[in-house]
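# Analysis of the macromolecular model
Here are the chains, one letter per residue:
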Amino acid sequence: MAIIEVKNVRKHFGKTKAVNDVSFEVNKGRIFGLLGPNGAGKTTTIRMINYILSPDSGEITINGNVASPETQKVIGYMPEERGLYKKMKVFDQLMYLTQLKGMDSKKAKEAINYWLDRFDASDWKQKEISELSKGMSQKIQFIATIAHEPDIYIFDEPFSGLDPINSETLKEIIIELRDQGKTVLFSTHRMEQVEQMCDDICLFNQGQAVLTGNLREIKASFGKNTINLEFDGDGSFLDTLEDVRINNRSTNFAEIRVLNGQNMQDILKLAMDHAEIHKFERIEPSLTEIFISTVGEDNIKKAEIQ
Amino acid sequence: MSFQKIWLVLKREYLTRVKSKSFILVTALTPLAFVAFIAIIVFISISETEVEKQIGIHDETGVLVERLIELNQTRYLDVSSEPVDSLRSDVLDGDLDGFIVLTDSVLVQGKSPTLVHGGSGGISFISAIRGDLRDAVREAQLERANVSQEVRDIFETRTGLEAIKLTEEGEAEDNTIVASLLGFILGLMIFFGIFFYGAWLMRSVIEEKTNRVLEVIASSVKPIELMFGKLFGVLSIALTQFVIWIVLYSGISIAAAPIAGMIMEAQMNSIPGGASEAASTFDPSTLNNFVVEPVIFVYFILFFLLGFLIYSAIFAAIGAAVETEQDSQQFMLPVGLPIFAGYMLNTKVMEAPDSTLSTFVSLFPLTAPINMISRIASTSVPLWQIILSVILMIFTFLGTMWLAAKIYRVGILMYGKKPSFKELAKWVKQG
């Protein structure tokens, strides 16, 4: 069942249509990915779900209730622009932020102690944030997001600026939360993270949701129209191919999207004439490829998508 | 609006600051700095600032020069024996600062003599010489006219003026000077208070913005709740500080007279000889002039509170609109202008607290916090004026609050470029 429902939502800033008639649903107990290049309207949508901004028209409901200070309490939000009070002690800071979310002080204290313990951070309780390393303060930021035990977790570009260890920890936490029946929504412009973690996705481009649904179903619907090719030798023959789109190319690897129903065996033959083939595999397209073929090559800033 | 959340924000703002070292230092050092500041002003105003210059007197009358030297031995020098030409070269060489030739016509026809100088000692120096000359000439004229001692005594009389203030409780010894000084100081404290704590609030908002903690907060609290929480948090800090100072001041001023009296009594007993002299030069009861009526402090707190509310919301909005303190400068100037005008005009208010100008600036809501308290402390302001100025200030602060809340709401999520006034106006429409 839908725990977050976004219905025909619009938000304009002056002449910019940041979000233009967007609808999607996030189901309980799922990991939902909001994808798209920078400036596609993801952060604006997330801010509206968090009741930081209000939509110009349309409606956002959380558990059936229109977004309000009450719905804010059931959401844990980690914005892209992250930060904490530099001159405040870790424990006081967490108490403040958790109580602002409506938790009473006794419960907040228990929860904070639990999470500090869990992250091996109990020793930092009385330290100011400015004394901590970047990785440490990132951990404190997670705790600030999750300590009030919300049902919904929203992370805006959570992996940007994270060190590899914390990145891995966050991934584990996200999956662990889902397994506990919580709902996670996160936005990213890095497609491979979505492929690894998301159950459902919504693709954003220029303020509009261009594709929504279950990730596996979406991929299956595109069919096995892509070739994963691993080879040894001169790769220049790839340039002579017509009616293909090569997305992920290196000296001995290429992901080839076959267009116009071209015969894949012909490509294999051509490849065998020019190089030694280690692997030839028909696969479903990558999300990057799905995004490009949905939006159209001309309508995206290619550098934004990886 | 959730008061519980406002309370949480207020509590954080208050506790983190009050516990800080800078708060304790400011609380302790400001009264000392203030005393030093006042002491310097008093010292400058009472000390003789001019350098004593020497004026040669070429006296042809034979009766004036002794009188002048009698009046001021270091200032005047008898040079009647030297020719005027050599006096000129003395002045040019710097041996003399100036000279005056006094002829009989000065005495007989009342002609004004001329001071020839190589650089005057300023207006006050010249008027001092003029006063000396007048006295000397008049004395000589009186003597020449063979006027009786009685008439001379009449000319010697200098009538002073004692002032007594009539209040409900009866006649009280006048303390106009102390009262207007108090009025000025209270106005000054409100001026500094609004600026200091307003800037404090602004910095606190900018800090949340640059720390990037604002969006986390905004996902829990409405911007208006956050703004109110911070505003009243800083206000509570200010009030804490003022109450500490007021209690301290009242305690000292009330205790000063009895303690001074006791010390003097003790001295009197130990040194029987010099006691009468000490007692005659200083009366400890004059210290009671410095005891301030509690009602004035009540007004002080009220006007500070209203003034702070009017300005601080704007300061908070500026903080939300910019990202660094440097960027805030362009907005600080127009906001600071009226309050600065109030401060500058306060000397006028002190000189004539009942003038039309004083009445106007004490009613005009942007200057009233400073100028009205000065008037209240130094004269008796009609109650209707006080009430009117309070009402005007309340409406003004509702207005600035409304405006600021809109700018604040949009501003806290804006990063990147520094907005212009035009954009701020757009935010207000948007909010």
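Fair warning: this is a prediction, and the values are worked out from it, not measured in the lab. (Residues numbered from 1 in each chain as written. Chains lettered and ligands numbered in written order. Predicted model: local features only at pLDDT ≥ 70, side-chain atom pairs only at ≥ 80, totals over all residues. Heavy atoms only, no water.)

This part is about the overall build of chain B. Counting its regular elements, chain B contains 17 helices and six strands. Residues classed as buried in chain B amount to 42% of the 431 residues present. Of the roughly 23,100 Å² of accessible surface on chain B, 64% is carried by carbon and sulfur atoms. (Helix = DSSP H or I, 4+ residues; strand = E, 2+ residues; numbered from the N terminus. Buried < 20%, exposed > 50% of the residue type's maximum accessible area, 1.4 Å probe, protein only. Areas by Shrake-Rupley, 256 points an atom, 1.4 Å probe, with all protein chains shown as cover.)

Before going further, it helps to spend a moment on helix α4 (residues 105-118) of chain A. All names here are of chain A. The first and last C-alpha atoms of α4 sit 20 Å apart over 14 residues, in line with the 20 Å expected at 1.5 Å per residue. Burial in α4 covers these residues: Ala108, Ala111, Ile112, Trp115 and Leu116. Projected down its long axis, α4 carries its buried residues within an arc of 130°, all on one side. Turned more than 90 degrees away from the buried face of α4, the exposed residues are Lys106, Lys107, Glu110 and Asp117. Each element contacted by the buried residues of α4 is listed here: α3 (90-100) and α5 (134-146). Of the residues flanking the start of α4, the one acting as N-cap is Asp104, its side-chain oxygen 3.2 Å from the backbone nitrogen of Lys106. With its phi angle positive at about 55°, Asp120 sits one or two positions after the end of α4. (Expected span 1.5 Å × (residues − 1). Arc of directions from axis to C-beta. Contact = heavy atoms within 4.5 Å. Polar contact = N/O pair within 3.5 Å; in protein donor to acceptor, adjacent residues only side chain to side chain.)

Here we take up a positive patch on the surface. A cluster of basic side chains, namely Lys15 of chain A together with Lys422, Lys426 and Lys429 of chain B, defines a positive patch on the protein surface. On the basis of relative accessibility, which here comes to 85%, the residue Lys15 of chain A falls in the exposed class. (Patch = residues over 30% accessible without salt bridge, like charges linked within 9 Å, V, L, I, M, F, W, Y side chains within 5 Å. Salt bridge = Lys/Arg side-chain N within 4 Å of Asp/Glu carboxyl O. Lys, Arg positive; Asp, Glu negative; His and termini not counted. Charge placed at Lys NZ, Arg CZ, Asp CG, Glu CD.)

Residue and element names in this part refer to chain B. You can see Asn371 is positioned in helix α15 (residues 368-378). At 2.9 Å, the side chain of Asn371 forms a polar contact with the backbone oxygen of Gly342. Once you skip the residues sitting within four places of it in the chain, Asn371 turns out to touch Gly342, Leu345, Asn346, Val349, Val361 and Ser362.

Strand pairing in a sheet relies on backbone hydrogen bonds, with the paired strands running either antiparallel or parallel. Residues and elements named next belong to chain A. Pairing in this open sheet of six strands is mixed, and the strands run β6-β7-β8-β3-β9-β10 from one edge to the other. Each of the sheet's edge strands pairs with one partner strand only, and the pair in question is β6 (75-78) and β10 (208-214). Across the sheet, the mean angle separating the axes of adjacent strands is 15° when strand polarity is ignored. Strands β3 (31-35), β6, β7 (152-156), β8 (183-188) and β9 (200-205) of the sheet are contacted by helix α1 (residues 42-49), whose axis makes an angle of about 150° with β8. In the packing of helix α10 (residues 287-295) onto the sheet, the strands contacted are β3, β9 and β10, and the crossing angle to β9 comes to about 45°. (Pairing = 2+ DSSP bridges. Axes fitted to C-alpha atoms, helices over the stretch in contact; angles between N-to-C directions.)

This part takes up the sheet that holds strand β11 (residues 226-233) of chain A. Residue and element names in this part refer to chain A. The antiparallel open sheet is built from four strands, whose spatial order is β12-β13-β11-β14. The open sheet has two edge strands, β12 (244-246) and β14 (275-283), and neither has a second partner. The mean angle between the axes of side-by-side strands here comes to 25°, regardless of whether they run parallel or antiparallel. Where β12 and strand β13 (residues 253-258) come together, three bridges link them in antiparallel fashion. Each bridged residue has a counterpart across the sheet, and for Arg245 the counterpart in β13 is Arg257. Sheet strands touched by helix α9 (residues 264-274): β11, β12, β13 and β14. Its angle to β14, the strand with the most contacts, is close to 160°.

Listed by partner, the interface residues are 22 residues for chain A and 20 residues for chain B. Considering only the side of chain A, the residues that lose the most area to chain B are Glu81, Tyr85 and Leu100 of chain A, jointly responsible for 29% of the buried surface there. The closest approach of N and O atoms between Glu215 of chain B and Arg47 of chain A, which form a salt bridge, is 2.8 Å. Applying the counting rule to chain A against chain B returns ten residue pairs in polar contact (both at pLDDT 80 or more). Elements with a minimum of two residues in the side of chain A that touches chain B: α2 (69-72) and α3 of chain A. Broken down by class, the residue content of the side of chain A that touches chain B amounts to twelve nonpolar, five polar and five charged. (Buried area = accessible area lost by both parts, 1.4 Å probe. Nonpolar A, V, L, I, M, F, W, Y, C, P; charged D, E, K, R; others polar.)

With that out of the way, let us pick up the pattern of salt bridges. Counted according to the given criterion, the structure contains 28 salt bridges over all chains. When the shortest N-O distance is used, the salt bridge between Arg118 of chain A and Glu176 of chain A registers 3.0 Å. Of this pair, Arg118 of chain A sits in helix α4 while Glu176 of chain A sits in helix α6 (residues 164-179), placing them 58 residues apart in sequence. A residue is classified by how much of its surface remains accessible, and Glu176 of chain A, at 28% relative accessible area, is partly exposed. Salt-bridge contacts for Glu289 of chain A lead to Arg245 of chain A; the nearest nitrogen and oxygen are separated by 2.7 Å. Highlighted residues: Glu289 of chain A in helix α10 and Arg245 of chain A in strand β12, separated in sequence by 44 residues. Accessibility classification places Glu289 of chain A together with Arg245 of chain A in one group, the buried group. Several salt bridges converge on common partners, so that one network encompasses Arg12, Glu13, Arg17, Glu207, Glu208 and Lys230 of chain B.

Our next topic: the nonpolar core. Core analysis: the largest hydrophobic core is formed by 164 residues, its most contacted members being Phe24, Ile49 and Leu185 of chain A. When residues of this core are assigned to their parent elements, the largest contribution, 18 residues, is made by helix α12 (residues 294-321) of chain B. If we skip the residues at most four places from it in the chain, Leu185 of chain A touches Ile4, Phe24, Val26, Phe32, Leu34, Ile46, Ile49, Tyr153, Ile154 and Phe155 of chain A. (Core = buried A, V, L, I, M, F, W, Y, C linked by side-chain atoms within 4.5 Å.)

Time to look at empty space enclosed by the protein. Applying the stated rule across the entire model yields two cavities of 30 Å³ or more. When its volume is computed, the largest cavity comes out at roughly 60 Å³. Looking at the largest cavity, the residues that line it are Tyr77, Leu97, Lys101, Ala144, Thr145 and His148 of chain A together with Val216, Ile217, Ser219 and Ser220 of chain B. When contributions to the lining of the largest cavity are tallied by element, the ones reaching two or more residues are α5 of chain A together with α9 (214-218) of chain B. Looking at the lining of the largest cavity, its residues break down into five nonpolar, four polar and one charged. (1 Å grid on protein atoms, 1.4 Å probe; cavity = no way out; pocket = protein on both sides within 12 Å on 5 of 7 lines; lining within 4 Å. Points joined across faces, edges and corners; volume = space filled by probe spheres on them.)

Any link to function would need more than the numbers given here.
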